[in-house]
Each structure stands twice: as C-alpha cells, then as structure tokens.
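Read off the chains here:
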Amino acid sequence: MAPKPDNTEGIVLNFVNEQNRPLNVQNAADALQKFNLKKAAVQKALDNLCESGKISFKEYGKQKIYMARQDQFDIPDSEELNRMKQQNAYLQEKLDEQKKAISEVDAEMKSLQSNLTLEEIHAKDAKLRKEVDEMEKKLIKLREGVTLVSPEERKAIEGLYSEALNQWRRRKRMFRDVWDAITENSPKNPKEFKEELGVEYDEDVGVNFQSFADLMQHNKKRR
C-alpha cells in the first residue's frame with residue numbers, strides 16, 4: 001500500500017538527511033522503492049522540500065541535484081576532529097583484535113571438528129584390539145612351530161618359484177649362446193665390449209643363481 005501523501009515528504013526528507021550527499025531524483029526514487037514510492041511522487045516531494053527550505057538544490061543544465069541543508073549539522077572543530085580520529089584509530093585496533101580472536105576460534109573449531117568423536121575412537125580402539133589379538137595368536141603359533149601355510153599354498157608357491165628358476169636358467173643359457181657367437185669372431189676384447197654395451201652378468205649385481213637353486217633343494221630336504 002502506498003504511503004499517505006503527507007508522509008511522503010517526511011520519508012524523502014529523512015532519506016536526504018541520512019545520505020547527506022548530492023542526489024538526483026533517480027537516485028532517490030531507486031532507493032525509496034522499498035516504500036512503494038513512484039518517481040513522480042519523489043520528484044514532487046523533493047520540489048516541495050526545496051520550496052519550504054528544508055533541503056537545498058543546484059541546477060546543472062536540465063538536471064537538479066538535491067542536498068541536505070548543512071546548517072542543520074554540527075560541524076566539529078579541529079580539536080573535535082582529532083578526538084574523533086583518535087577514537088576511530090582505537091576502535092579500528094579493537095576491531096582488528098576481535099577479528100584475530102575470531103580467526104583463532106575458527107581455527108580451533110576446525111581442528112576439533114577434524115578430530116575423531118568419542119564413538120569413533122571407541123570403534124577404532126576395538127578394531128585395533130582385534131587386529132592385535134589376531135597377530136598375537138599367529139605369533140603364538142609361530143613360536144610353537146605350527147605351520148601357518150597350508151600344504152596347497154606351499155605347493156603352489158614352490159611351483160611358481162621352480163618355474164621362475166627354470167626361466168632364469170633358460171634365459172642365462174640363451175644369452176650365453178648368443179654372446180659367445182658374437183664375441184667368438186669379434187676383434188674386440190669381450191670384457192671391453194661388454195662394458196661398452198652396458199651388459200651386466202648376475203655376478204656383477206651381486207646375484208648368484210646357484211644360491212636360489214640351493215634354497216629350493218634345502219626346502220625339499222627339510223620336508
């Protein structure tokens with residue numbers, strides 16, 4: 001519902017005084033839309049306030065600029081301005097302190113939120129205790145000499161190990177045959193040729209095929 005005509009000027013006057021800055025009719029109309037005031041009503045109120053001397057205006061071509069009367073405001077002297085500046089600096093310092101305190105509280109809250117809840121702690125504790133119990137049972141069996149690997153699993157692992165040894169032996173033999181054929185009629189020294197190509201024997205990297213083969217035979221003898 002639109003405000004009563006006699007109230008429109010009061011609303012416009014309060015707005016101009018609160019803003020205390022140059023305004024045109026469009027500025028005022030846009031800001032006073034919340035009061036359901038139309039631009040024409042705002043224009044009329046501004047003109048009436050000017051005629052009654054409650055606000056002032058200046059004309060710039062066809063446009064009027066409206067302003068609050070400055071004689072209604074108490075203008076502070078230099079001493080009062082200095083006090084206001086000091087008060088403003090003090091309040092700004094307090095504001096910075098409050099912002100810092102709020103930031104620290106926020107950081108602490110985030111830290112607390114990232115921690116486990118009591119319920120989660122109990123659940124994790126129960127899970128860890130269960131894992132410890134299972135590992136202790138396995139340790140007891142190992143100390144008693146109980147075999148934890150089933151015969152089927154052992155057989156499968158030994159089969160893979162044996163196949164790997166066979167592949168290793170076969171590849172060593174294939175390489176040796178090819179290498180001997182290349183170096184047999186080569187004018188280059190085999191050792192120098194080997195270093196030039198970057199070829200490495202098992203022994204060059206500290207690996208001994210026979211030790212792995214012996215490990216397989218030793219395991220069979222234990223059974």
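What you are looking at is a predicted structure, and each value in this text was computed from that prediction instead of being measured. (Residues numbered from 1 in each chain as written. Predicted model: local features only at pLDDT ≥ 70, side-chain atom pairs only at ≥ 80, totals over all residues. Heavy atoms only, no water.)

Enquirer: Can you help me understand the pattern of salt bridges in this one?
Expert: Any two side chains of opposite charge can pair if their charged atoms end up close together. Applying the stated criterion to the full structure yields eight salt bridges. Here R83 ties to E79 by a salt bridge, and the two come within 3.2 Å at their closest N and O atoms. Here R83 pairs with E79, and both are found in helix α4 (residues 78–114), just four residues apart, close to one helical turn. With a relative accessible area of 43%, R83 lands in the partly exposed category. For D180, the salt bridge goes to R176, with nearest N and O atoms at 3.8 Å. Of this pair, D180 and R176 both sit in helix α6 (residues 151–184), four residues apart, roughly one helical turn. (Salt bridge = Lys/Arg side-chain N within 4 Å of Asp/Glu carboxyl O. Helix = DSSP H or I, 4+ residues; strand = E, 2+ residues; numbered from the N terminus. Buried < 20%, exposed > 50% of the residue type's maximum accessible area, 1.4 Å probe, protein only.)

Enquirer: How should the packing of α6 against helix α7 (residues 190–197) be read in this particular structure?
Expert: How two helices sit against one another is set out by the angle between their axes and by the gap between those axes. The interhelical angle for the contact between α6 and α7, taken along N-to-C directions, is 115°, at an axis separation of 11 Å. Judged by the sense of rotation from one axis to the other, the crossing of α6 with α7 is right-handed. Contacts between α6 and α7 pair W179, I182 and T183 from the former with P190, F193, K194 and L197 from the latter. Among the residues forming the contact of α6 with α7, the class breakdown is five nonpolar, one polar and one charged. (Axes fitted to C-alpha atoms, helices over the stretch in contact; angles between N-to-C directions. Left-handed = near helix turned anticlockwise from the far one by under 90°. Contact = heavy atoms within 4.5 Å. Nonpolar A, V, L, I, M, F, W, Y, C, P; charged D, E, K, R; others polar.)

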